[in-house]
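Close look at the chain arrangement
Letter by letter, the chains look like this.
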Amino acid sequence: MNARHDEIARALLTVKTRINQALKISHRDPGEVTLIAVTKTYPVSDVEILRELGIHDFAENRDREGSEKSAEVPGTWHFQGQIQSNKISSIAKWAKVLHSLDEVRHLENFERVLPESSQMSVFIQVSLDPQPGRGGVRPEQIAPLAEMVMRASRLKLEGLMAVAPLGENPESAFSRLAQIHSDFRLQFPDSPFLSAGMSGDFEKAVIHGATHLRIGSSILGSRSHDR
Ligand SMILES: *Cc1c(COP(=O)(O)O)cnc(C)c1O
């Protein structure tokens, strides 16, 4: 699959160039941003190619897929999908980073199933939707949940995560997020990270302070069976 290797290498280079450009215009350092390849729906052979190309961070939305691929390709695996209670003990086995915490009961369940010595990195997902429903807590619910993550011995609070709502200009959604994030950082200075930005909007996310970009289709091409 040499052709596939070259195709991914080219797309990855383009994405990195665009990220660096956005960092430059925001006077930010390239070291401030982590690129996470979202490999959901793509075959494990693509993940292997990404690994050869120097990518170490991979994200999945579903437990089954993440569990299978992470068993084949070493790296830091991230879970960013909607959390289902009955999948928590499995997710805890392969995911090192959780981007989608939005409920106290999930926090309690992760804390219960994680081995004593382990630490899972956690981003609290905040909803930028005026009418939440697609995951994430409302801004006023962030602090109480963050306090609980801080008290959990097996979880490490990294920061906030968000997805730009459908039907809203990501620019305005991310500028709202930047305000929420700056309030959050004052209260939780040891958890300064911001996971935001996907294929369609990552430059805008960088400009508004994103530190973790979750990018799939810009690197791997459009998904044949989109989920
Ligand atoms: C699918 C997904 C992404 C990546 O989306 P692309 O448009 O393929 O870059 C990022 N974050 C979340 C939460 C997703 O579900």
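Everything here concerns the structure above.
Read on for an overview of the structure. (Residues numbered from 1 in each chain as written. Predicted model: local features only at pLDDT ≥ 70, side-chain atom pairs only at ≥ 80, totals over all residues. Heavy atoms only, no water.)

The helix and strand tally for the chain stands at nine helices and eight strands. Over its C-alpha atoms the chain spans a radius of gyration of 17 Å, differing by no more than 12% from the 17 Å that the globule rule assigns to 227 residues. When the backbone C-alpha atoms are referred to their principal axes, the chain occupies close to 50 × 40 × 30 Å. A total of 227 residues make up the chain; the buried ones form 48% of that total. Look at the contacts in the chain between residues 6 or more apart in sequence, and 58% of them connect residues 24 or more apart. Surface summary for the chain: the accessible area is close to 11,300 Å², and the carbon and sulfur share equals 49%. For the chain, the distance from the average position of its 27 positive side-chain charges to the average position of its 29 negative side-chain charges is 2 Å. (Helix = DSSP H or I, 4+ residues; strand = E, 2+ residues; numbered from the N terminus. Rg over C-alpha atoms; globule rule 2.2 N^0.38 Å. Buried < 20%, exposed > 50% of the residue type's maximum accessible area, 1.4 Å probe, protein only. Contact = heavy atoms within 4.5 Å. Areas by Shrake-Rupley, 256 points an atom, 1.4 Å probe, with all protein chains shown as cover. Lys, Arg positive; Asp, Glu negative; His and termini not counted. Charge placed at Lys NZ, Arg CZ, Asp CG, Glu CD.)

As a further point, take the nonpolar core. Soluble globular proteins tend to bury their nonpolar side chains together. By size, the foremost hydrophobic cluster in this structure holds 61 residues, and its most contacted members are Ile19, Phe110, Ile124, Leu155 and Ile219. At six residues, helix α1 (residues 2-25) tops the list of elements feeding residues into this core. Setting aside its immediate chain neighbours within four residues, phenylalanine 110 contacts Ile83, Ile88, Ile91, Ala92, Leu98, Met120 and Leu155. (Core = buried A, V, L, I, M, F, W, Y, C linked by side-chain atoms within 4.5 Å.)

On to the side chain of arginine 154. Structurally, arginine 154 is set in the loop between α6 (139-151) and β6 (155-161). Among the polar contacts made by the side chain of arginine 154, one reaches the main-chain carbonyl oxygen of leucine 114 at a distance of 2.9 Å. Setting aside chain neighbours within four positions, we find arginine 154 in contact with Glu111, Arg112, Leu114, Pro115, Glu116, Ser118, Gln119 and Met120. (Polar contact = N/O pair within 3.5 Å; in protein donor to acceptor, adjacent residues only side chain to side chain.)

It is worth spelling out unusual backbone geometry at this point. Positive phi values are uncommon outside glycine, yet histidine 27 reaches one of about 55°. Among the secondary structure elements, histidine 27 is positioned in the loop between α1 and β1 (34-38).

Before going further, it helps to spend a moment on the site of the ligand. Around the ligand, the structure places Val38, Lys40, Asn61, Gln80, Met161, Met198, Ser199, Arg214, Ile215, Gly216, Ser217 and Arg223. A distance of 3.5 Å separates a nitrogen atom of the ligand from a polar side-chain atom of glutamine 80. In isolation the ligand exposes 380 Å². Once the protein is present, 87% of that is buried. When its residues are assigned to classes, the shell around the ligand shows four nonpolar, five polar and three charged. (Near = heavy atom within 4 Å. Nonpolar A, V, L, I, M, F, W, Y, C, P; charged D, E, K, R; others polar.)

So, about the pattern of salt bridges. Under the counting rule described, the total for this entry stands at eleven salt bridges. A salt bridge links aspartate 46 to arginine 4, with the shortest nitrogen-to-oxygen separation between them at 2.6 Å. One end of the pair, aspartate 46, is in helix α2 (residues 44-52); the other, arginine 4, is in helix α1, with 42 residues separating them in the sequence. When its relative accessible area of 3% is taken as the criterion, aspartate 46 is described as buried. You can call arginine 4 buried: its relative accessible area is 14%. Among the salt bridges present, the one from arginine 105 reaches glutamate 103, with a minimum N-O distance of 2.5 Å. Relative accessible area serves as the criterion here: at 30%, glutamate 103 is assigned to the partly exposed category. Members of the salt-bridge network, linked through shared partners, are Arg4, Glu7 and Asp46. (Salt bridge = Lys/Arg side-chain N within 4 Å of Asp/Glu carboxyl O.)

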